[in-house]
Amino acid sequence: MTLGEWIPAATERLTQAGVTSSRLEAQLLAAHVLLVDRTYVLTHPEVELNELAAEGLLQRRESQEPLAYILGHREFFGRRFRVTPSVLIPRQETELLIETALELMVPVKRVLDIGTGSGCIATTLKLERPDWDVWAVDISGAALQVARENAETLGAEITFRHSDLFSGLAGERFDLIVSNPPYIGVEEELPVEVRSFEPGTALFAENRGLRIYELISEVYRDYLTPGGSMVLEIGQTQGEAVAGLFGGEVLKDLSGNDRVVVGRV
Ligand code: GLN
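For every chain, the first residue of the written sequence is number 1, and numbering continues from 1 along that sequence. Local features in this predicted model are restricted to residues of pLDDT 70 or higher, and side-chain atom pairs are both shown and tallied only at a pLDDT of 80 or more, whereas totals for entire chains, interfaces and linings draw on every residue. Hydrogen atoms and water are omitted, and side-chain values are computed over all heavy atoms in the structure.

Novice: Help me out: how do you make sense of the site of the ligand in this one?
Specialist: Around the ligand, the structure places Leu-88, Thr-94, Gly-115, Thr-116, Gly-117, Cys-120, Ile-121, Asn-180, Pro-181, Pro-182 and Ala-202. At a separation of 3.1 Å, a nitrogen atom of the ligand approaches a polar backbone atom of Gly-115. Residues adjacent in sequence count toward polar contacts only when both atoms are side-chain atoms; beyond that, a polar contact is any pair of N or O atoms within 3.5 Å, and within protein one must be able to donate a hydrogen and the other to accept it. At 3.0 Å from a nitrogen atom of the ligand is found a main-chain nitrogen or oxygen belonging to Ala-202. In this classification, the charged set is Asp, Glu, Lys and Arg, the nonpolar set is Ala, Val, Leu, Ile, Met, Phe, Trp, Tyr, Cys and Pro, and all remaining amino acids, among them Gly, are polar. For the shell around the ligand, a count of residues per class yields six nonpolar, five polar and no charged. Throughout, the term near means that a residue has one or more heavy atoms lying within 4 Å of the molecule or strand in question.

Take a look at the structure:
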């Protein structure tokens, strides 16, 4: 089958499966099979596609597996991060956390990213601010492996620690602590694509998604330098609760939803 035949057929099947950007995703799946980029797919309708390989990927996407896990990567802040089912897929909303951290009007030397997952936050901060000493922790060893690999591939030097929140950081202090913790309430409704495929430990927290913020708020002062800052991603209904815990200010994302809390001590 040629690309010119496969793309429309695959687009139709993905639409039937409820995939919104079905044509784009069909093109990206074909590009993945051929090990080429999307432009090549768009400009070479006559090229033959390995139909068996393409069918396998198409069926995975039809079953709601996220495109990023099928392709094995996702763009974040203009860079490509490898992702596996052990890590949360980087989200565009999280770029607000990055911008907020980069624009803080306070001197920063040491930074900590809690729950680094794919390492997208820590790696981006290090590459945008090479003079920062960036540390990153995660409770998941499998996630840390992915984060280390991303940092290495992208050329970011980061200190990684296997740690349940601050458990592995006794005696360390940071000028800035950032985190995009699990903040979805266990009872919240989610697309199958998220609930059945992304790691539960990266998504869910008890007490309507607030539990990790509560745990961080109990001890974070012991790990911040005087005048230090917190920048936390939040769910859109959590602004008041999290700002209350950290005495901070709530910032909105591009969609106008509460998305980040900035706190200072
Ligand atoms: N820090 C990673 C991200 O923002 C992972 C976050 C998480 O697993 N909750 O994508």
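Let's pick the thread back up.
Novice: I'm lost on the pairing of strand E5 (residues 159-162) in this one. Help?
Specialist: Regular strands have side chains that alternate between both faces of the sheet. The rule for pairing is simple: two strands pair if DSSP sees at least two bridges between them. Think of it this way: any DSSP run of H or I at least four residues long counts as a helix, any run of E at least two long counts as a strand, and we number them from the N terminus. As judged from the four bridges shared by strand E4 (residues 133-138) and E5, these two strands associate in the parallel manner. Directly across from Val-137, in E5, lies its bridge partner Arg-161. Running through helix H8 (residues 141-154), the crossover from E4 to the neighbouring parallel element E5 is right-handed. By convention, a crossover is right-handed whenever its connection, traced from the first strand over the helix to the second and viewed with the strands pointing away, goes clockwise.

Novice: I keep staring at the nonpolar core and nothing clicks. Help me out?
Specialist: What tends to happen in soluble globular proteins is that the nonpolar side chains get buried as a cluster. Membership of the largest hydrophobic core comes to 29 residues, with the highest contact counts inside it found for Leu-112, Phe-166, Ile-177 and Ile-216. By definition in these notes, contact holds between two residues if any of their heavy atoms fall within 4.5 Å. Not counting residues within four places of it along the chain, the set of residues in contact with Phe-166 comprises Leu-112, Ile-114, Ile-177, Ile-216, Val-219, Tyr-220 and Tyr-223. Among the buried residues, those of types Ala, Val, Leu, Ile, Met, Phe, Trp, Tyr and Cys that are joined through side-chain atoms within 4.5 Å form a nonpolar core. Note on exposure labels: buried denotes an accessible area under 20% of the residue type's maximum, exposed denotes more than 50%, and partly exposed covers the range between, all computed with a 1.4 Å probe on protein chains only. With 28 residues, the next largest nonpolar core counts Leu-104, Ala-136, Leu-144 and Ile-158 among its residues.

Novice: Before we go on, may I ask you to explain the side chain of Ser-179 in this structure?
Specialist: Considering the arrangement of structural elements, one finds Ser-179 in strand E6 (residues 174-179). With residues near it in sequence (within four places) discarded, Ser-179 still touches Leu-97, Asp-113, Ile-114, Val-231, Leu-232 and Glu-233.

Novice: Looking at this structure, I do not really get unusual backbone geometry. What am I missing?
Specialist: Most of the time, phi is negative for any residue but glycine, and the peptide bond is trans. Look at Gln-64: it is not a glycine, yet its phi comes out positive at around 80°. By the secondary structure assignment, Gln-64 is in the loop between helix H4 (51-62) and helix H5 (67-71). Positive phi values are uncommon outside glycine, yet Arg-208 reaches one of about 55°. Counting through the fold element by element, Arg-208 comes out in the loop between strand E8 (204-205) and helix H11 (211-219). Overall, Arg-208 belongs to the exposed group, its relative accessible area being 57%.

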